[in-house]
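Report on the structure
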Amino acid sequence: MRSFHTFFTLARGLAVTALLALSGPLQAQTDPLPSWNDGAAKRAIIDFVQTTTAEGSAHFVASAERVATFDQDGTLWAEHPMYTQVMYVLERVPSLVKAKPELAKVAPYSTVLAILKGDRAAIARLTLPDLEKLAAATLTGMPVDTFAAEVNKWLAEARDGRWKKPYTELTYLPMQELLQYLRANGYKTWIVTGGGQDFVRQYSEKTYGVPPEQVVGTAGGTRYGYAKDGKPFLTKEPRLLLNDNNAGKPEGIHLMIGRRPTMAVGNSTGDQQMLEYTKAGSGARLAMLVLHDDARREYAYGPAQGLPATKVGTFTQALHDEAEKQGWTVVSMKNDWKRIFAFD
């Protein structure tokens, strides 16, 4: 009897030892955010998800109310040295000039041609009215299906100047993990961007797993009409319906989503009102800002925390101070992310 008891005790001890030995790798495999360094930002995310999805939690959020909104440029993918959609607009100009050669000698088309030939100084000559004129010429005045085909063709061929990769490969791996983690816990993830809604909808599902109906962006008008064969179609018009930036973000959220987010993530002054609106709701809320402070692996710009100033994705010191005051989580790309891109 004693020998049986000894054998049983030994077997149990071996089993416990084996389980303990396996627990380390098992935990590593189940880490929902493996590209994030352990720290305050990662803890804030995991604590928020756990406390809002655990039945019986004081901060439990019903599945229908689990809405997470993300800015895109600078939050989900690289935005420097120029927004991707702006690059699309600029690189569409040669096609316009080919169709209308007289434009080659007319600003801002001539300015863009100089930029595309390598004259970086010419960028400074482009004004906001110039960009609006170029956007109207390249993003409107065509059937929505034609626009979609042109965007998809460009995305398949265009390459970023620094990494020589398609723009859709310049998404941040830690943010992709965050999107997947949220969806695995019943959250619906939305892109709320200052970029063109029709533009982003062409790649959002394949690139981020966000379907086009969950993209809120700057939107222009469309006009319903009929082709010669009687088939109906929509034409994109140079008429602004929603400027989805700054205060336009919560306005767009109300218009398109109809629910206040429980979580919002951005990276610039254009996202401040979205974070304010999110945090103003009751219950558990999480607001986050991505700070680009890694010049070696990506880019460094602010001017918050003494980083170089920029007009593309500006993160001011005032915004950083407001984040600290309001309890928003600031994510340091340099310190909080083990990897930035999947190809690292």
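Residues numbered from 1 in each chain as written. Predicted model: local features only at pLDDT ≥ 70, side-chain atom pairs only at ≥ 80, totals over all residues. Heavy atoms only, no water.

**A short note on the overall build of the protein chain**
Within the protein chain one finds 13 helices and 7 strands. Each principal axis of the C-alpha atoms in the protein chain carries an extent, and together these give about 100 × 45 × 40 Å. Expressed as a percentage of its 344 residues, the buried residues of the protein chain come to 47%. In the protein chain, the proportion of contacts linking residues at least 24 apart, taken out of those at least 6 apart, comes to 63%. As displayed, the protein chain has an accessible area near 17,600 Å², and 56% of this comes from carbon and sulfur atoms. Charged side chains of the protein chain number 39 positive and 36 negative; the gap between the two group centres comes to 4 Å. (Helix = DSSP H or I, 4+ residues; strand = E, 2+ residues; numbered from the N terminus. Buried < 20%, exposed > 50% of the residue type's maximum accessible area, 1.4 Å probe, protein only. Contact = heavy atoms within 4.5 Å. Areas by Shrake-Rupley, 256 points an atom, 1.4 Å probe, with all protein chains shown as cover. Lys, Arg positive; Asp, Glu negative; His and termini not counted. Charge placed at Lys NZ, Arg CZ, Asp CG, Glu CD.)

**Notes on the environment of Ile-257**
The topology assignment puts Ile-257 in the loop between helix H10 (248-256) and strand S5 (263-266). Owing to a relative accessible area of 16%, Ile-257 belongs among the buried residues under this scheme. For the pair formed by Ile-257 and Lys-334, sequence separation is 77 residues and the distance between their alpha carbons is 33 Å. Ignoring any residue separated from it by four or fewer positions in sequence, one finds Ile-257 in contact with Val-67, Thr-69, Trp-190, Val-216 and Gly-252.

**Some points on the pattern of salt bridges**
The final tally for this structure, using the stated rule, is 11 salt bridges. In this structure, Arg-259 and Glu-65 form a salt bridge, with 2.7 Å as the shortest nitrogen-oxygen distance. Taken together, the residues Arg-259 in the loop between H10 and S5 and Glu-65 in the loop between helix H2 (40-53) and strand S1 (67-70) connect sequence positions 194 residues apart. Judged by its relative accessible area of 34%, Arg-259 falls in the partly exposed class. Counted as one network, the salt bridges with shared partners bring together Asp-31, Asp-38 and Lys-42. (Salt bridge = Lys/Arg side-chain N within 4 Å of Asp/Glu carboxyl O.)

**Some words on the nonpolar core**
The biggest cluster of nonpolar side chains holds 65 residues, and the ones touching the most others in it are Trp-36, Ile-45, Phe-70, Met-175, Leu-178, Met-263 and Trp-337. The dominant element in this core, judged by the number of residues it contributes, is helix H3 (residues 84-99), at 7 residues. (Core = buried A, V, L, I, M, F, W, Y, C linked by side-chain atoms within 4.5 Å.)

**Description of helix H7 (residues 173-184)**
Between its terminal C-alpha atoms H7 stretches 16 Å, which fits the 16 Å expected from 12 residues at 1.5 Å a residue. Most of H7 sits inside the fold, with 9 of its 12 residues counted as buried. Residues of H7 that are buried sit in contact with H2, S1, strand S2 (188-196), helix H9 (204-208) and S5. Looking one or two residues past H7, Gly-186 carries a phi angle of roughly 85 degrees, positive in sign. (Expected span 1.5 Å × (residues − 1).)

**Examining the pairing of strand S6 (residues 286-291)**
Of all the 6 residues making up S6, 6 are buried; the element is thus mostly covered by neighbouring parts of the structure. What you see with S6 is no split at all: Leu-286, Met-288 and Val-290 on one side and Ala-287, Leu-289 and Leu-291 on the other are buried throughout. Taken together, the 4 bridges between S5 and S6 define a ladder with parallel strand orientation. Bridge pairing links Ala-264 to Ala-287 in S6. A crossover links S5 with its parallel partner S6, the connecting element being helix H11 (residues 272-279), and its sense is right-handed. Where S6 lies against strand S7 (residues 329-332), 4 bridges are found, and the strand directions are parallel. Paired with Met-288 across the bridge in S7 is Thr-329. As for the winding sense of the linkage, the β-α-β connection from S6 through helix H12 (residues 317-326) to S7 is right-handed. (Pairing = 2+ DSSP bridges. Right-handed = clockwise from strand over helix to strand, strands pointing away.)

**Comments concerning the side chain of Lys-236**
Among the structural elements, Lys-236 can be located in strand S4 (residues 232-242). Side-chain polar atoms of Lys-236 contact the side chain of Asp-198, separated by 2.7 Å. Every residue in contact with Lys-236, bar those within four places of it in the chain, is listed here: Leu-139, Thr-140, Gly-141, Met-142, Val-144, Phe-147, Asp-198, Gly-221 and Thr-222. (Polar contact = N/O pair within 3.5 Å; in protein donor to acceptor, adjacent residues only side chain to side chain.)

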